[in-house]
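Next come the chains, spelled out residue by residue.
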Number of protein chains: 4
Amino acid sequence: MSSTYGSKIKISIFGESHGNGIGVVIDGLTAGEKIDFDKILNQMARRAPGKDKTATPRKESDLPKILSGMLGDTLTGAPLCAVIENTNTRSGDYGNILSCPRPGHSDYTAFVKYNASNDIRGGGHFSGRLTAPIVFAGAVCRQILENKGIKIAAHINSIGNVCDTPFNPVEIDSQLIDRLNRSSFALIDENVESKMRSVVEDARMSLDSVGGTIECAVTGIDAGFGEPMFDGVEGVIAKAVFGVPAIKGIEFGKGFELSKMRGSQSNDPFEYKDGKVVTSTNNCGGILGGITNGMPIIFRVAVKPTPSISQKQHTVDLQKKENAELEIHGRHDPCIVPRAVPVIEAVTAVAIINLM
Amino acid sequence: MSSTYGSKIKISIFGESHGNGIGVVIDGLTAGEKIDFDKILNQMARRAPGKDKTATPRKESDLPKILSGMLGDTLTGAPLCAVIENTNTRSGDYGNILSCPRPGHSDYTAFVKYNASNDIRGGGHFSGRLTAPIVFAGAVCRQILENKGIKIAAHINSIGNVCDTPFNPVEIDSQLIDRLNRSSFALIDENVESKMRSVVEDARMSLDSVGGTIECAVTGIDAGFGEPMFDGVEGVIAKAVFGVPAIKGIEFGKGFELSKMRGSQSNDPFEYKDGKVVTSTNNCGGILGGITNGMPIIFRVAVKPTPSISQKQHTVDLQKKENAELEIHGRHDPCIVPRAVPVIEAVTAVAIINLM
Amino acid sequence: MSSTYGSKIKISIFGESHGNGIGVVIDGLTAGEKIDFDKILNQMARRAPGKDKTATPRKESDLPKILSGMLGDTLTGAPLCAVIENTNTRSGDYGNILSCPRPGHSDYTAFVKYNASNDIRGGGHFSGRLTAPIVFAGAVCRQILENKGIKIAAHINSIGNVCDTPFNPVEIDSQLIDRLNRSSFALIDENVESKMRSVVEDARMSLDSVGGTIECAVTGIDAGFGEPMFDGVEGVIAKAVFGVPAIKGIEFGKGFELSKMRGSQSNDPFEYKDGKVVTSTNNCGGILGGITNGMPIIFRVAVKPTPSISQKQHTVDLQKKENAELEIHGRHDPCIVPRAVPVIEAVTAVAIINLM
Amino acid sequence: MSSTYGSKIKISIFGESHGNGIGVVIDGLTAGEKIDFDKILNQMARRAPGKDKTATPRKESDLPKILSGMLGDTLTGAPLCAVIENTNTRSGDYGNILSCPRPGHSDYTAFVKYNASNDIRGGGHFSGRLTAPIVFAGAVCRQILENKGIKIAAHINSIGNVCDTPFNPVEIDSQLIDRLNRSSFALIDENVESKMRSVVEDARMSLDSVGGTIECAVTGIDAGFGEPMFDGVEGVIAKAVFGVPAIKGIEFGKGFELSKMRGSQSNDPFEYKDGKVVTSTNNCGGILGGITNGMPIIFRVAVKPTPSISQKQHTVDLQKKENAELEIHGRHDPCIVPRAVPVIEAVTAVAIINLM
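No experiment lies behind these values; they were computed from the predicted model shown. (Residues numbered from 1 in each chain as written. Chains lettered and ligands numbered in written order. Predicted model: local features only at pLDDT ≥ 70, side-chain atom pairs only at ≥ 80, totals over all residues. Heavy atoms only, no water.)

### Details of the overall build of chain A
Rules: The secondary structure listing takes helices from DSSP runs of H or I that are at least 4 residues long and strands from runs of E that are at least 2 residues long, numbered from the N terminus. The globule rule used for comparison is 2.2 Å times the number of residues to the exponent 0.38, while the radius of gyration itself is calculated over C-alpha atoms. Note on exposure labels: buried denotes an accessible area under 20% of the residue type's maximum, exposed denotes more than 50%, and partly exposed covers the range between, all computed with a 1.4 Å probe on protein chains only. The criterion used for residue contact is that any of the two residues' heavy atoms lie within 4.5 Å. Calculation of accessible area relied on Shrake-Rupley with a 1.4 Å probe; when residues are assessed, cover is drawn exclusively from the protein chains displayed. A positive count includes Lys and Arg, and a negative count includes Asp and Glu. His and the chain ends are not counted in either. For the purpose of locating charges, the reference atoms are NZ of Lys, CZ of Arg, CG of Asp and CD of Glu.
Across its full length, chain A holds eight helices and 18 strands. For 356 residues, the compact-globule estimate of 2.2 N^0.38 gives 21 Å, and chain A sits close to it at 21 Å. A total of 356 residues make up chain A; the buried ones form 66% of that total. Partitioning the intrachain contacts of chain A with sequence separation of at least 6 by distance along the chain shows that 72% fall at a separation of at least 24. Total accessible area computed for chain A in this model is approximately 12000 Å², and 48% of it derives from carbon and sulfur atoms. Here chain A contributes 38 positive and 40 negative side-chain charges, whose respective centroids are spaced 3 Å apart.

Here it is as structure tokens:
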């Protein structure tokens, strides 16, 4: 496994859904930075389940305990380790023998890769619960970025066919960012919330789930970050984002729409504005040649529908080596998009701090 | 700069458009593998310009010279270095002072990043010409993969609004792969070629350019490759693919379409077929939890229109610090999608070999 | 900070002497391996203090708690995280303002590097206590190596001027290895123990400390591991070994003695023995061109005297910016060499497993 | 193979003794730095063979050709690639089948590792000739370091039993450094030169070779560079140094001598001198806790005798699978220590620049 990310600031995620605890080690942070622990808790609360009917009613106790790297509110320079204990795991009540892999899940691929030795309880290391330490790491990194004037915000761009208004790619209001950063159901146009919730509720009532997209923006980043070729901003962000379960696509700026455009439409003209070079459009999503151009970085990710659905599904029985049917019990998020918003912000923060 | 990729097989790309030469060092190859040099040249010929009106009529002499790592047709285990000399560069005929950055190009971001010291002639290190050593590296890696039964093929999925037929995601014909691997204008449905060429020709006649998409498939790869989280197959491929200039999006399997689907539609049911676990659909693009599931890996990338167009464009004059207009002379590809197909195959080969 | 090591098996050490806990994340272990937890505890006990008068009488509770990566006695493939809580830290009873850096310690360099924000209590992240999670990681790795027939043993080569008998470099007895692996004062010739203990006791009585050397051997490793140049066996081991506090030198095979030899003396002749290529001497320490030659790997490290001594020492007062005198109170190991033996074995195990 | 080093400034060495060329790619250099090409040539001349009787009379044409990364005398920010063509290789006149591995050489280990496919002519990738591109890389890095006030100098510390005067570890004269940097037989006390040359000549006349030690110093480096644990200065330098063929040991400060000292002797007392914190001795070699303390970095390396000697030696015949005798013809350096001095300086420069 390689649950590590980063070269300057390295994060190393550990834990399994039903083990003793999950957490993260963050190596490379600058000593002396002040970290507001409440801000970390706020971000973790945004991701935590059980807030409403779009999410699973399971109760997770996500309070992170700092083992090292902080003294009071100050980073010491030592690796920062935070642990979240798994409190309500009942490991006794089911075995660890994978019989029927759930379609759309990592059950089967983990079974093959880990010689049937992986901890399958609750998804093990593949559980969405492992995004909690990612949010922790992101919450630390984004505070450091904010001290440099860099802000990160994401919103639910769409759930099913219901779409939010996109970011204005050339200028993103600071108050909007702050509002999104506090929201558990982050939308630019809050009027679409009820429609989106209906889509999720419909799926839930059908014992089904639904996907969506998330749009993310990074503002206040100067021109010149990122490297050409394989450490370009797109690649660095993509590698971080695809570390989040259920993400199956990413596009920067106009993304796939660019494929239908002509150069005269897609090229962003340069101009001077208040003595600074800007572009009058931002179809490139703030990145040219893999390097930031000083405009907001804009990207969207595709989130697949939660694979855990309560309908009967076709699968195989790996023990009996025959086709089988599967009904998953238990409570699952019919749509993980709202909870994935702070996770996308978090991995983006970790990616961006590695470009500095 | 960090023009390197890979942990097991590391490639390190060097060169500038108008320097003495470009090339690649490939470190980590297994000694004793036989490499067919003609197959390398064939792949490089597919990428080379000047074949028809979709491409620039410039003549590049792309013959790679092996400096080390091969003795006869056998890899020695030492780092493989190949150099392509830049023969027809006329460095005398223009200076190296960037005045007006071309919209959509890396001119401005490179100017900021490299303190105005980068070699701007022909785009320097950002030139599309640097994809030639990438194709070389890919051509070596794909031969090694083919010996393991793994094949990689891509095709022009769309140019503008004209679309090719997509791959059948659950079964890809070996003969189709071979045909695509030989083609300079790779299409599954060759009947769309004339329509696509018209779109490109229209753009060219309008002094404009046009974008497109490329679909790529990897067949014959067993279940179990890739790591969870940040070294998942999606992230590893994405990081490689975004190293290619002009790529602005990537999606795996159904990708962004998944965002509009329900779990009952998107989950790929497992079944036994000839004693092997397969999925009856392949919406996940052969990847679950970041790990291959044994089905073909399928992904699509978005290629933006060539930023070099001959129309007058708005930009800034960085010397005079004022707005300016720019007309780019010279001959440019009105559409780089056909030539980008072997480049996408190449970076995919480099990515896949790093998963082994 | 970068308290991480390894590319295939990555270990990430965290913790500070007086924080909430210390530990390690080990990423990349193969699922399905059986690990004997008691063997881990045995190794940790060898390093633990308080066993006799050569060591500090402080009591550390070094019982590691597994948070993830093991289910029962089996590795799951997920990152293995072990935490050791710091139980008897009394953080209230002294401040965190460095006034007078201890000579020979990292106090001053950490003060400069971490902007005076590092946790100085008990040495913080630089504390020798951080070698406990290293021993944990090594104890896991060496069990995996032992399953491949590779054993690692070290002994106290010298303390002050008292020397143990060195390993027979061409053949190392398996029973000797087992005996050393169980010993807390590991010696080949156990007759020198009383003399060595006298040297340590003399130093302790003089409120002083004393250094020594450790010799380490790796047996059962086949020819062909390691890479030429910068990932050679010497470099890989050296990087791991210099991660251990107080190590100031390393030499392989005859090491510095080779500098006084002639080639006709130092070259190890090859010969066939039982159908296998061996060398009749082993001056190269089992490594040629950075690659193992199938003979035991042999190296020695220099351990400086514990810098914490109770004599009055000259230093500076960083607050008052003037010269000062310092008397360190508290109990310290007058010689850390015996406890460093299992630590050297541990980092060697981590290094060797990264060569596989 | 992994002939790459570094994380911030990555060097990637390629080439084989009898291939078409050898060279280096340096990735990560800062654009805009001025590089004096003559200074590079001067350093390469120091390493080049054929200067006198201590070295082989073979003539190498070591003129490096810059393929990319420099425009005039200025770094462009693109990867810097330099190639040295192999001109006088006659590949036709001997085969590539290893029969009898030379004792002390990498012949056997490379044979095992590379499945007998490595290019054995002239040592292939293991040839000492590969240190030429290392010196090139070092010569670039040291110029950048010199602009920051950091200088690196090494001298022949000993050949056989003849020793030079060591550096004064607390203060190293700048003029001495400059003189050593220009010398092909670098000595602090030039009076020992004739004695040393006699030792080498004696070995040569006996168809033998002789080893030695090199001492290296880095001056002008501020306190605070390096990381605790595995990226400490000792480990970073050691990994670079062990990339040089024939190096079998390294010690920092007093090194192995520390093992015989007491803490009261080895601890370097701090004091204020001209308002700056210094140590009055420098037994730790300028490094505490893996971090520079502002004093000169001092280390010594052990160089084994050249394994190529003309005496008859015992070895095996790998084809016939029997013991054999071997007489190596051709001309070889009876002592590589003088030529290794600029190589050690070079890898040190590459290591130090990676700490910045």
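Still more to cover.
### Let's talk about the relation of the copies chain B and chain A
For clarity, the cut-off: Least squares is the method used to superpose the copies, on C-alpha atoms of residues holding a pLDDT of at least 70 in both.
For the pair chain B and chain A, the superposition axis carries a translation of 0.0 Å, the fit reaches an RMSD of 0.0 Å, and the rotation angle comes to 180 degrees. Taken together, the rotation and translation relating the two chain copies correspond to the operation of a two-fold axis. Interface residue correspondence from chain B to chain A reaches 100%, placing this contact among same-surface, isologous pairings.

### Observations concerning the arrangement of the chains
Separated without contact, chain B and chain C have their nearest C-alpha atoms at a distance of 8 Å. Chain A shows no contact with chain D. Their nearest C-alpha atoms sit 8 Å apart.

### Some details on helix H1 (residues 37-47) of chain B
Note: α-helices contain 3.6 residues per turn, so residues at a spacing of three or four share the same orientation. Residue and element names in this part refer to chain B. Note the threshold: Summarising the geometry, the arc corresponds to the directions from the helix axis toward the C-beta atoms. Pairs of N or O atoms within 3.5 Å make up the polar contacts considered here, provided that, within protein, one atom can donate a hydrogen while the other can accept it, and that residues adjacent in sequence are counted only when both atoms are side-chain atoms.
Within the sequence span of H1, burial applies to Ile40, Gln43, Met44, Arg46 and Arg47. Along H1, the residues classed as buried sweep out an arc of 155 degrees about the axis, all on the same side. Elements that come into contact with the buried residues of H1 comprise strand S7 (80-85), helix H3 (131-146), helix H4 (174-182) and helix H8 (337-353). Where H1 starts, the residue carrying a side-chain oxygen 2.9 Å from the main-chain nitrogen of Asp38 turns out to be Asp36.

### Regarding the packing of helix H6 (residues 233-241) of chain D against helix H8 (residues 337-353) of chain D
All names here are of chain D. Definition in use: To obtain each axis, a line is fitted to C-alpha atoms, and for helices this fit is confined to the stretch in contact; angles are then taken between N-to-C directions over 0 to 180 degrees. These descriptions rest on fixed angle ranges, namely under 35 degrees for roughly parallel, over 145 for roughly antiparallel, 65 to 115 for roughly perpendicular, and the rest for oblique. Take the far helix as the reference: if the near one is turned anticlockwise from it by less than a right angle, the crossing is left-handed, and if turned clockwise, right-handed. Here the nonpolar group is Ala, Val, Leu, Ile, Met, Phe, Trp, Tyr, Cys and Pro; Asp, Glu, Lys and Arg are the charged ones; every other residue, Gly included, is treated as polar.
Two elements in contact, H6 and H8, have axes whose closest approach is 9 Å; the angle formed by their N-to-C orientations is 135 degrees. Relative to H8, the element H6 is oriented oblique. Between H6 and H8 the crossing geometry is right-handed. Between H6, through Val236, Ile237, Ala240 and Val241, and H8, the contact on the second element is made entirely by Ile344, Val347, Ala351 and Ile352. Tallied by class, residues from the contact of H6 with H8 come to eight nonpolar, no polar and no charged.

### Observations regarding the relation of the copies chain D and chain C
Once chain D is rotated about the relating axis by 180 degrees and shifted along it by 0.0 Å, it coincides with chain C to within an RMSD of 0.0 Å. Looking at the interface residues of chain D, 100% of them are also at the interface in chain C, so both copies use one shared face.

### Topic: the interface of chain D and chain C
The extent of an interface is frequently quoted as the accessible surface area lost upon association of the parts. Where we set the bar: When two parts are brought into contact, each loses some accessible area as probed by a 1.4 Å sphere; the total of that loss over both is the buried area. Salt bridges, as used here, are contacts in which a Lys or Arg side-chain nitrogen is within 4 Å of a carboxyl oxygen on Asp or Glu.
Taken residue by residue, the interface counts 98 residues in chain D and 98 residues in chain C. When chain D packs against chain C, close to 7700 Å² is buried across both sides, 64% of that on carbon and sulfur atoms. Measuring nitrogen to oxygen at the nearest pair gives 3.4 Å for the salt bridge that ties Lys113 of chain C to Glu227 of chain D. Our count for the chain D to chain C interface comes out at 41 residue pairs in polar contact (both at pLDDT 80 or more).

### Examining the sheet that holds strand S7 (residues 80-85) of chain A
For sheets, the rule is that strands pair by backbone hydrogen bonds, running either parallel or antiparallel. All names here are of chain A. Selection criterion: Any two strands with at least two DSSP bridges between them are considered paired.
Across the sheet, five strands lie side by side as S1-S2-S3-S7-S4; this open sheet has antiparallel pairing. The open sheet has two edge strands, strand S1 (4-5) and strand S4 (65-68), and neither has a second partner. Bridge count for S4 against S7 is three bridges, and the pairing is antiparallel. Within S7, the position partnered with Lys65 by the bridge is Val83. Along the sheet, helix H3 (residues 131-146) makes contact with strand S2 (10-14), strand S3 (21-27), S4 and S7, crossing S3 at roughly 30 degrees.

### Here's the deal with the pattern of salt bridges
Per the stated rule, a full pass over the model turns up 63 salt bridges over all chains. Linking Asp178 of chain D and Lys151 of chain D is a salt bridge whose minimum nitrogen-to-oxygen distance equals 3.0 Å. Taken together, the residues Asp178 of chain D in helix H4 (residues 174-182) and Lys151 of chain D in strand S8 (residues 151-159) connect sequence positions 27 residues apart. Its relative accessible area of 23% is what places Lys151 of chain D among the partly exposed residues. Because the salt bridges share partners, they merge into one network encompassing Arg46, Arg142 and Glu345 of chain A.

### Details of the packing of aromatic side chains
This is how it is decided: Each pair of aromatic rings taken from Phe, Tyr and Trp, with Trp reduced to its six-membered ring, is defined by centres within 6.5 Å and is described as stacked if the planes are under 30 degrees apart, edge-to-face if over 60, and tilted in the remaining cases. The criterion is that NZ of a Lys, or CZ of an Arg, lies within 6 Å of the ring centre and within 35 degrees of the ring normal, and then a charge sits over that ring.
Summed over the entire model, instances satisfying the criterion amount to 22 aromatic pairs over all chains. When the centroid spacing of 5.6 Å and the interplanar angle of 45 degrees are considered together, the rings of Phe252 of chain C and Phe299 of chain C count as tilted. Of this pair, Phe252 of chain C sits in strand S11 (residues 247-252) while Phe299 of chain C sits in strand S16 (residues 297-303), and the two are 47 residues apart along the sequence. Phe299 of chain C matches Phe252 of chain C in its accessibility class, with the two residues each being buried. Ring pairs connect the aromatic residues Phe242 of chain A together with Phe252 and Phe299 of chain B, which therefore count as one cluster. The ring of Phe185 of chain A has Arg197 of chain A sitting right over it, with the charged end atom 4.1 Å from the ring centre.

### Thoughts on the confidence of the model for chain A
This is how it is decided: Think of pLDDT as the predictor's per-residue confidence, scored from 0 to 100.
Mean pLDDT for chain A: 92, with 94% of residues reaching 70 or above. Reported confidence for the predicted complex is 0.96 by ipTM and 0.95 by pTM.

### Re the environment of Val24 of chain C
All names here are of chain C. Structurally, Val24 is set in strand S3 (residues 21-27). In this structure the C-alpha to C-alpha distance between Val24 and Lys312, which are 288 residues apart in sequence, comes to 36 Å. The contacts of Val24, once residues within four sequence positions are left out, are Ile11, Ser12, Ile13, Phe14, Leu80, Cys81, Ala82, Pro133, Phe136 and Ala137.

### So, helix H4 (residues 174-182) of chain C
Residue and element names in this part refer to chain C. Where H4 is concerned, the buried positions are Leu176, Ile177, Leu180 and Asn181. All buried residues of H4 lie within an arc of 135 degrees about the axis, which places them on one face of the element. Within H4, the exposed residues directed more than 90 degrees away from the buried face are Gln175 and Arg182. Against helix H1 (37-47), helix H3 (131-147), strand S8 (151-159), strand S10 (212-219) and helix H8 (337-353) lie the buried residues of H4. Where H4 begins, the capping side chain belongs to Asp173, and its oxygen is found 3.2 Å from the backbone nitrogen of Gln175.

### So, the pairing of strand S8 (residues 151-159) of chain A
All names here are of chain A. Within S8, eight of the nine residues are buried, leaving the element largely enclosed by the surrounding structure. Strand direction decides the pairing type here: S8 and strand S10 (residues 212-219), joined by eight bridges, are antiparallel. Paired with Ala153 across the two strands is Ala217, which belongs to S10. Relative to strand S9 (residues 162-163), S8 runs antiparallel, the two sharing two bridges.

### Comments concerning the interface of chain B and chain A
Each side of the interface is counted separately: chain B has 98 residues, and chain A has 99 residues. Both faces considered, chain B and chain A share a buried interface measuring about 7700 Å² in area, 64% of it formed by carbon and sulfur atoms. Ranking the residues of chain B by area buried against chain A places Met229, Phe230 and Lys248 of chain B at the top, with a combined share of 12%. Applying the counting rule to chain B against chain A returns six salt bridges. Between Lys248 of chain A and Glu234 of chain B there is a salt bridge whose closest N-O contact spans 2.9 Å. Here chain B is connected to chain A by 41 residue pairs in polar contact (both at pLDDT 80 or more). When residues in the side of chain B that touches chain A are grouped by element, the largest group, six residues, is from strand S11 (residues 247-252) of chain B. Looking at the side of chain B that touches chain A residue by residue, the classes come out as 44 nonpolar, 35 polar and 19 charged.

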